[in-house]
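Take a look at the letters that make up each chain.
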Amino acid sequence: MNFIETRGNDGRHPETVSFSEAILTPISSFGGLYSPESLPKLDPSFFTSQLDSDYKTLARVILASFNIDIDATIIKHALDLYDSFDDPSNPVPVTKVYDDLYVSELYHGPTRAFKDMALQPFGVVLSAIAQNRKERYLILAATSGDTGPAALETFKNKTNVQVACMYPEGGTSDVQRLQMVTEDAHNLKVIGVKGDFDDTQTALKRLLASETFKRTLKQKDVHLSAANSVNFGRIIFQIIYHVHSYLELVRQNAIDMGEKVYLDLPSGNFGNALGGYYAMKMGLPVEKILIASNSNNILTRFIHSGHYDLRTLSVVQTTSPAMDILKSSNVERVLFDLFGAERTKDLMHQLDSDKCYQLTTDELEQIQSIFAADYCEDDEGIAYIKRVFDRGYLMDPHTATCFKAYETCRDKPLKTIVYSTAEWTKFSPVIANALTGEIDVHDIDALKSIAKVADITIPSMISELFEKEIAQKTVIEKDAIEQEILAFL
Ligand SMILES: *Cc1c(COP(=O)(O)O)cnc(C)c1O
């Protein structure tokens, strides 16, 4: 399968690229993204035939249907990483919470957030390609908390790949920071940056555009890549768990094969939602995809009105920080898939120059036939965490936003799959607040009080973090990042 460009071709980039090229250089003509030329079709007999498959088998079959230029042995090796999840026979458990609401838990990997679902296998694939090509890569990552630990974990000790990961000093939870600064491997560099996440991300973009930086990398024979969520190498692994979760509902006798369901997910950069959209287009019986947001509700406004408007908004900090985002990059791939390259280029150009765009009535109808959306304020989220806990289920603040969409966005009595994107251990102060009312406690105290109230144990990979040695001590001003990374190389 080949990949084509969401904003059309500028005559300088290749018009189509292979999967491996799309993931090594994810940005295409006019700043667009690579998208699959066509999607494989999974007919009803496919789902029946996979009903008894375990996660890795299902993944292998779906990936094979994409016919990508990656050796089967590398794919096998990549998928074997799901063996390190809590239950190797079922890395993504699906739990019934209400009669018509099931939670698909995507956080049972090494860093306890759903970024592992894609970044774990992606790391294996990317470093295998780098090795085959005998090229060295520098992977840059700016993180607000979950991508950083997952990227470090997957690339640690990999040959031909070095990672420089920047996080805002003071802007992550204790657990997230410890997950990064206790990583000790020769090919990893973790840099605390003084400032907030926007400062960190701006510094990263400046670096990606810096001529001296690129020249120096070239002299050292190092290629530059990024592990961010527009990389199709991550998206492809995010199609699989939607199919798996659906089949789980069939296996649990919650639905009959072929019955439609709602997918309900906490959305930031729209990678999870895009995976669901592709699964639906490939044939998964989905009624609608519910897009849950926090008070950074640009996606809710967009799906309600067709108006994507950045002009009057600025990012506000919430208790679900992985969704504190206004430029939701993967929306572009849906626009391209529905309206074509010319229109997508036009809309994205308007977003760059005017900070907004407006869909036509017909375009909006198409979007609304696939997506519905609502947003959940922090205090509502806290109330959902408490209410759902009282019914016997513990969830994190990102997952909580889905319960609002579940209540307001469905117009048919169909089963709903809510995606849980983080374990309670990653955002414990908020959850402790919801369950016990305590405020401003440190992670370690919050973890202990939740463990007590909920009568659960803190997973060892989290409790051990507080004992580990700090291996990464660099904290610098944002102007010093370039020098720091060059010294690391
Ligand atoms: C990254 C992340 C999200 C948002 O996912 P997208 O694919 O970017 O929409 C939601 N919840 C958590 C905990 C995350 O880490």
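Our subject is the structure that appears above.
Here is a short report on the structure shown in this document. For clarity, every value in this text was computed on a predicted model and none was experimentally measured.

Quick look at the sheet that holds strand β3 (residues 34-36)
Right, so step 1: Across the sheet, which stays open at both edges, the three strands sit in the order β2-β1-β3 with antiparallel pairing between neighbours. Among the strands making up the open sheet, the edge pair consists of β2 (16-17) and β3.
Right, so step 2: In this structure, strand β1 (residues 3-5) lies alongside β3, joined through three bridges in antiparallel fashion. Following the sheet pairing, isoleucine 4 is matched in β3 by serine 35.

So, the site of the ligand
Right, so step 1: Near the ligand lie 14 residues; those nearest to it are Lys115, Asp146, Gly268, Asn269 and Thr421.
Right, so step 2: Phenylalanine 270 places a main-chain nitrogen or oxygen 3.0 Å from an oxygen atom of the ligand.
Right, so step 3: Threonine 421 is positioned with one of its side-chain polar atoms (N or O) 2.8 Å from a nitrogen atom of the ligand.
Right, so step 4: Protein coverage of the free-state accessible area of the ligand, which is 390 Å², stands at 96%.
Right, so step 5: In terms of residue class, the shell around the ligand is made up of five nonpolar, seven polar and two charged.

What to know about the environment of leucine 359
Right, so step 1: In this structure, leucine 359 sits in the loop between β13 (356-358) and α15 (361-368).
Right, so step 2: Along the sequence, leucine 359 and aspartate 379 sit 20 residues apart, while their C-alpha atoms lie 32 Å from each other.
Right, so step 3: Setting aside chain neighbours within four positions, we find leucine 359 in contact with Phe302, Gly306, Leu335, Phe339, Arg343, Leu347, Leu364 and Ile367.

Remarks on the environment of serine 225
Right, so step 1: Tracing the backbone shows serine 225 in strand β9 (residues 222-226).
Right, so step 2: Setting aside residues no more than four positions away along its own chain, serine 225 makes contact with Ile23, Leu24, Tyr137, Leu138, Ile139 and Leu140.
Right, so step 3: Within the structure, serine 225 has its side chain in polar contact with the backbone oxygen of leucine 24 (distance 3.4 Å).

Examining the layout of surface pockets
Right, so step 1: When its volume is computed, the second largest pocket comes out at roughly 270 Å³.
Right, so step 2: As for the second largest pocket, its lining consists of 14 residues, and the residues nearest its centre are Glu153, Lys156, Glu183, Leu465 and Lys468.
Right, so step 3: Elements supplying a minimum of two residues to the lining of the second largest pocket: α6 (147-155) and α20 (460-463).
Right, so step 4: Residue classes in the lining of the second largest pocket are distributed as five nonpolar, three polar and six charged.

A few points about empty space enclosed by the protein
Right, so step 1: Across all of its chains, the model carries four cavities of 30 Å³ or more by this definition.
Right, so step 2: Approximately 60 Å³ is the volume attributed to the largest cavity.
Right, so step 3: Every element with two or more residues in the lining of the largest cavity is listed here: α16 (378-390) and α17 (397-408).
Right, so step 4: With three residues, the top contributor of residues to the lining of the largest cavity is α16.
Right, so step 5: Its residues assigned to classes, the lining of the largest cavity comprises three nonpolar, five polar and two charged.
Right, so step 6: Volume-wise, the second largest cavity comes out at about 50 Å³.

Examining the packing of aromatic side chains
Right, so step 1: Counting across every chain of the model gives 17 aromatic pairs.
Right, so step 2: Between the aromatic rings of tyrosine 241 and tyrosine 419, the centroid separation amounts to 5.9 Å while the plane-to-plane angle is 50°, which identifies the pairing as tilted. With tyrosine 241 in helix α11 (residues 237-251) and tyrosine 419 in strand β15 (residues 416-420), this residue pair connects regions lying 178 residues apart in the sequence.
Right, so step 3: Since its relative accessible area comes to 0%, tyrosine 419 is described here as buried.
Right, so step 4: Between phenylalanine 302 and tyrosine 357, the aromatic rings sit 5.8 Å apart at their centres with planes inclined by 80°, giving edge-to-face as the arrangement. With phenylalanine 302 in helix α13 (residues 298-305) and tyrosine 357 in strand β13, this residue pair connects regions lying 55 residues apart in the sequence.
Right, so step 5: Take phenylalanine 302: its relative accessible area is 3%, and that puts it in the buried class.
Right, so step 6: The buried category is assigned to tyrosine 357, whose relative accessible area is 2%.
Right, so step 7: Of the aromatic side chains, those joined through ring pairs into one cluster are Phe3, Phe19, Phe232, Phe270, Tyr277, Tyr278 and Phe371.
Right, so step 8: Lysine 345 extends its terminal NZ or CZ atom over the ring of phenylalanine 30, reaching a point 4.0 Å from the ring centre.
Right, so step 9: The side chain of lysine 404 reaches across the aromatic face of tyrosine 375, ending 5.6 Å from its centre.

Description of the packing of helix α18 (residues 428-436) against helix α19 (residues 443-454)
Right, so step 1: In the contact formed by α18 and α19, the axes pass within 8 Å of each other and the chain directions differ by 45°. Relative to α19, the element α18 is oriented oblique. Here the hand of the crossing between α18 and α19 comes out left-handed. Contacts between α18 and α19 involve Ser428, Pro429, Ile431, Ala432, Leu435 and Thr436 from the first element and Asp443, Ala446, Leu447, Ser449, Ile450 and Val453 from the second.
Right, so step 2: Residues that form the contact of α18 with α19 fall into these classes: eight nonpolar, three polar and one charged.

Rules and cut-offs
Residues numbered from 1 in each chain as written. Predicted model: local features only at pLDDT ≥ 70, side-chain atom pairs only at ≥ 80, totals over all residues. Heavy atoms only, no water. Pairing = 2+ DSSP bridges. Helix = DSSP H or I, 4+ residues; strand = E, 2+ residues; numbered from the N terminus. Near = heavy atom within 4 Å. Polar contact = N/O pair within 3.5 Å; in protein donor to acceptor, adjacent residues only side chain to side chain. Areas by Shrake-Rupley, 256 points an atom, 1.4 Å probe, with all protein chains shown as cover. Nonpolar A, V, L, I, M, F, W, Y, C, P; charged D, E, K, R; others polar. Contact = heavy atoms within 4.5 Å. 1 Å grid on protein atoms, 1.4 Å probe; cavity = no way out; pocket = protein on both sides within 12 Å on 5 of 7 lines; lining within 4 Å. Points joined across faces, edges and corners; volume = space filled by probe spheres on them. Phe/Tyr/Trp six-rings, centres within 6.5 Å; stacked < 30°, edge-to-face > 60°. Buried < 20%, exposed > 50% of the residue type's maximum accessible area, 1.4 Å probe, protein only. Lys NZ or Arg CZ within 6 Å of the ring centre and 35° of its normal. Axes fitted to C-alpha atoms, helices over the stretch in contact; angles between N-to-C directions. Parallel < 35°, antiparallel > 145°, perpendicular 65-115°, else oblique. Left-handed = near helix turned anticlockwise from the far one by under 90°.

Geometric descriptors of this kind do not, in isolation, establish any biological role.
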